[in-house]
Amino acid sequence: MKAETLSLAVSMGEAIDGLDLRRGQFAKTFLGGGVFTQARLEEADLREADARESVFDRCTLQGTLFNGANLRRATFNQCELAHADFRHAHLHGATFSECKLTHAQFAQAWLGMATFSRCQLDHASLAGAQMESAVFSESSLIDVNADDSEWKHTCMLQCDLARLTWDGARMTRAMFTKTALQQKSFAGLVLDGCQFSFADLTEADFSGVSMRQCNFQGATLDRANFRQAVGPNALFCGAAGEQVDFSQARLRQALFTGGKFPAARFDGADLYQCHFAEAQLAGASLAGAELTYADFRHGDLRRADLRQATLFRTVLHGTRTDEAQMTDRARALETDTDLARAERWTATA
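We now turn to the structure provided with this report. (Residues numbered from 1 in each chain as written. Predicted model: local features only at pLDDT ≥ 70, side-chain atom pairs only at ≥ 80, totals over all residues. Heavy atoms only, no water.)

Attention now goes to the nonpolar core. Phe76, Phe86, Phe96, Phe106, Trp166 and Phe196 are the most contacted members of the largest nonpolar core, which has 112 residues in total. Counting residues per element, this core draws most heavily on helix 1 (residues 3-11), which supplies 4 residues. With residues up to four places along the chain from it excluded, the contact list for Phe106 reads Phe86, Leu91, Phe96, Leu101, Leu111, Phe116, Leu121, Ser125, Leu126, Ala127 and Ala129. (Core = buried A, V, L, I, M, F, W, Y, C linked by side-chain atoms within 4.5 Å. Buried < 20%, exposed > 50% of the residue type's maximum accessible area, 1.4 Å probe, protein only. Helix = DSSP H or I, 4+ residues; strand = E, 2+ residues; numbered from the N terminus. Contact = heavy atoms within 4.5 Å.)

Before going further, it helps to examine the packing of aromatic side chains. Inspection of the entire model under this criterion finds 40 aromatic pairs. Here the aromatic rings of Phe106 and Phe116 are separated by 5.9 Å at their centres, their planes lie at 85°, and the arrangement is edge-to-face. Of this pair, Phe106 sits in the loop between strand 5 (95-97) and strand 6 (115-117) while Phe116 sits in strand 6, and the two are 10 residues apart along the sequence. Assessed through its relative accessible area of 0%, Phe106 is described here as buried. Aromatic pair Phe256 and Phe276: ring centres 4.6 Å apart, planes at 5°, arrangement stacked. Separated by 20 residues along the polypeptide, Phe256 in the loop between strand 11 (175-177) and strand 12 (305-306) and Phe276 in the loop between strand 11 and strand 12 bring together distant segments of the chain. Assessed through its relative accessible area of 0%, Phe276 is described here as buried. (Phe/Tyr/Trp six-rings, centres within 6.5 Å; stacked < 30°, edge-to-face > 60°.)

It is worth spelling out helix 1 at this point. All buried positions along helix 1 are accounted for by Ala3, Leu6, Ser7, Ala9 and Val10. Looking straight down helix 1, one finds that the buried residues subtend no more than 160° of arc, so they occupy a single side. Residues of helix 1 that are exposed and angled more than 90 degrees away from the buried face: Glu4 and Leu8. Structurally, helix 1 contributes buried residues whose contacts are with strand 1 (16-17) and strand 2 (35-37). Following helix 1 by one or two positions, Gly13 has its phi on the positive side, about 80°. (Arc of directions from axis to C-beta.)

Turning our eyes to something else, we now look at the environment of Asp148. Relative to the helices and strands, Asp148 resides in the loop between strand 7 (135-137) and strand 8 (150-152). The residues touching Asp148, leaving out its near neighbours within four places in the chain, are Gly128, Asp167, Gly168, Ala169 and Arg170.

Take the pattern of salt bridges next. Tallied over the full model, the rule gives 19 salt bridges. Here Arg302 makes a salt bridge to Asp300, at a shortest N to O gap of 2.8 Å. Note on Arg302: relative accessible area 23%, which makes it partly exposed. In this structure, Arg341 and Asp338 form a salt bridge, with 3.0 Å as the shortest nitrogen-oxygen distance. Of the two residues, Arg341 and Asp338 both sit in helix 2 (residues 337-344), 3 residues apart, roughly one turn of that helix. What makes Asp338 exposed here is its relative accessible area of 51%. (Salt bridge = Lys/Arg side-chain N within 4 Å of Asp/Glu carboxyl O.)

Below, the structure is given as structure tokens:
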């Protein structure tokens, strides 16, 4: 079918149902609002085509060229898109549902507010892609190249990011929820305001990164590295991890409430006004840490090393400190007997 004929059919509202358009030459063709159902468009040339708000339902699009195409608010449902080329394409608000996008190219594409639901993007390229407010849910992004990409308000929900790379990526308030991020390196990135709630960050590397107001609530942090990270007001409530390294990190006013960090290292860390209420820190090392006004009430500091730590008005109310080493304990606030009595009080009939 010629490009002019296809454009006319789409303009008249005719559904493109089951047509064989393989290797068709449709570059720079207007196809806006077209409805393609079970159409075959393998290796078709749609470079710089205007297919805004088009619908591709159960179409085969392997190797199709969408370079520079206008696909604003386009919908791809259950399509075969392996090796499809979307480089420099405009995909604002586009929707990909249950699509196979292995080896697809999205380099330098605009993916603002795009949605990928239950898609397979293994070995795809997102290098330099702009993904502001994009949403990826229950999708596989194994071995994806996302170097130099923009992750502003991007949401990753229950995705597999194994071997994904993001060197030079920029992340602002990105969200990773229930997403496996084991052994991922965030070194060299800026993560201010990012959300990692309930994510698996086992052996992840955050060393030296800026992570102001990041949320790690409920995350798994076994052997994670936060050495020299800068994270004032970060949130670690309910997070858990063995042998986590926070050495020399700057975490002023961070919240560790109810966290479980046995044998963690906070040596030389700035923990001014941090909240560790009910946190479990047995065997942790906080040697030389800044703990002025920190709150450990009802926490567990058994066998912890706090030698040379600054404990000016540090709250130790109801804290377990058996075998803990504290050279500045005289300036800490010990258990308040009146408060302890009030906490034990129960109403009687």
